[in-house]
Amino acid sequence: MDLFQIKKEFNDSNILICFNGPFSHSILEEIGIAIRNHLDNENVTKAAISDVFSIDIELPQNARNYIIERQLPPGELSSTIVVVARKDETHAVTSGNYILKEDVQPLKERIEQINAMNADDLKALYKKQLRSERPEGARGAGIGLIDIARKTSSNMEYNIRPVDDRYDFFSLTAFI
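Just so you know, these numbers come straight off a predicted model, no measurement behind them. (Residues numbered from 1 in each chain as written. Predicted model: local features only at pLDDT ≥ 70, side-chain atom pairs only at ≥ 80, totals over all residues. Heavy atoms only, no water.)

A. Examining the packing of helix α5 (residues 119–131) against helix α6 (residues 144–151) more closely. Contact geometry for α5 and α6: axes closest at 10 Å, N-to-C directions at 155 degrees. Our classification of the angle between α5 and α6 gives roughly antiparallel. When you trace α5 past α6, the crossing you get is left-handed. Residues Leu122, Lys123, Leu125, Tyr126 and Gln129 of α5 form the contact with α6, whose participating residues are Ile146, Asp147, Ala149 and Arg150. Taken together, the residues of the contact of α5 with α6 break down into 5 nonpolar, 1 polar and 3 charged. (Axes fitted to C-alpha atoms, helices over the stretch in contact; angles between N-to-C directions. Helix = DSSP H or I, 4+ residues; strand = E, 2+ residues; numbered from the N terminus. Parallel < 35°, antiparallel > 145°, perpendicular 65-115°, else oblique. Left-handed = near helix turned anticlockwise from the far one by under 90°. Contact = heavy atoms within 4.5 Å. Nonpolar A, V, L, I, M, F, W, Y, C, P; charged D, E, K, R; others polar.)

Next up, the structure:
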């Protein structure tokens, strides 16, 4: 492994932080603190820091909840990668994880539905979702993607990469 080359690629891609592996609450918290400190040192506005921090926590938390809910086996299939990078005057937060093929289409439809909404529609959907009943065993209120979309400066971007006959690799990027 050539760490110098990895560091160079990170620098060339303006990657501020990257974590790859299984997530826990304590890891999410530590990464969030590191991002907040890094952005503070760059004189980024408090609102932008808050949004990047929030999305940096929300994306891997969504992946973690999915992995637990779908009972993906330990190891590579239950790991997540999160990357925070600078892109021109914005920041990009990207998270990726394995996903069952059967879950790809509903997830794509949900993201496209949310991306098609304006700020008022997102606010109304957010409130509606908070008031709705949660399915039994749900790990959250189902507002993660809606909340992310409300904080972004443009549509969320996603990518699906086929892995094998059972899994794809899903990644989602939010720009702040």
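B. Here's a closer look at the pairing of strand β2 (residues 80–87). Two elements, strand β1 (residues 15–21) and β2, share 6 bridges in a ladder whose sense is antiparallel. If you follow Cys18 over to β2, its bridge partner there is Val83. By the bridge criterion, 8 bridges tie β2 to strand β3 (residues 90–100) in an arrangement that is antiparallel. Looking at the pairing, Val84 lines up with Val93 of β3. Here β2 folds back onto β3, and the loop between the two strands holds 2 residues, one of which, Asp88, carries a positive phi near 55 degrees. (Pairing = 2+ DSSP bridges.)

C. Structural view of the packing of helix α3 (residues 46–69) against α6. One can describe the packing of α3 onto α6 by two numbers: an axis separation of 10 Å at closest approach and a directional angle of 155 degrees. The orientation of α3 relative to α6 falls into the category roughly antiparallel. Note that α3 runs across α6; the crossing there is left-handed. Residues Asp51, Ser54, Ile55, Glu58, Leu59 and Asn62 of α3 touch α6, and the partners they reach there are Gly144, Leu145, Asp147, Ile148 and Lys151. Grouping the amino acids of the contact of α3 with α6 by side-chain chemistry returns 4 nonpolar, 3 polar and 4 charged.

D. Quick peek at the sheet that holds β1. One open sheet accounts for 5 strands, arranged β1-β2-β3-β5-β4; its pairing is antiparallel. The sheet is open, and its two borders are formed by β1 and β4 (157–162), each paired with just one other strand. Adjacent strand axes in the sheet meet at a mean angle of 15 degrees when their direction is disregarded. Sheet strands touched by helix α2 (residues 25–41): β1, β2 and β3. Its angle to β1, the strand with the most contacts, is close to 175 degrees.

E. Inspection of the packing of aromatic side chains at higher detail. Under the criterion given, the structure shown has 2 aromatic pairs. For the pair Phe19 and Phe23, a centre-to-centre distance of 4.9 Å together with 65 degrees between the ring planes defines the contact as edge-to-face. Judged by relative accessible area, which is 22%, Phe19 ranks as partly exposed. Look at Tyr98 and Phe169: their rings are 5.3 Å apart centre to centre, the planes differ by 85 degrees, and that puts the pair in the edge-to-face class. Here Tyr98, found in strand β3, pairs with Phe169, found in strand β5 (residues 167–175); they are 71 residues apart in sequence, far enough to count as distant. With relative accessibility at 13%, the residue Tyr98 sits in the buried group. Among the residues examined, Phe169 registers a relative accessible area of 23% and is labelled partly exposed. The lysine or arginine in question, Arg36, covers the ring of Phe53, its NZ or CZ lying 3.9 Å from the ring centre. (Phe/Tyr/Trp six-rings, centres within 6.5 Å; stacked < 30°, edge-to-face > 60°. Buried < 20%, exposed > 50% of the residue type's maximum accessible area, 1.4 Å probe, protein only. Lys NZ or Arg CZ within 6 Å of the ring centre and 35° of its normal.)

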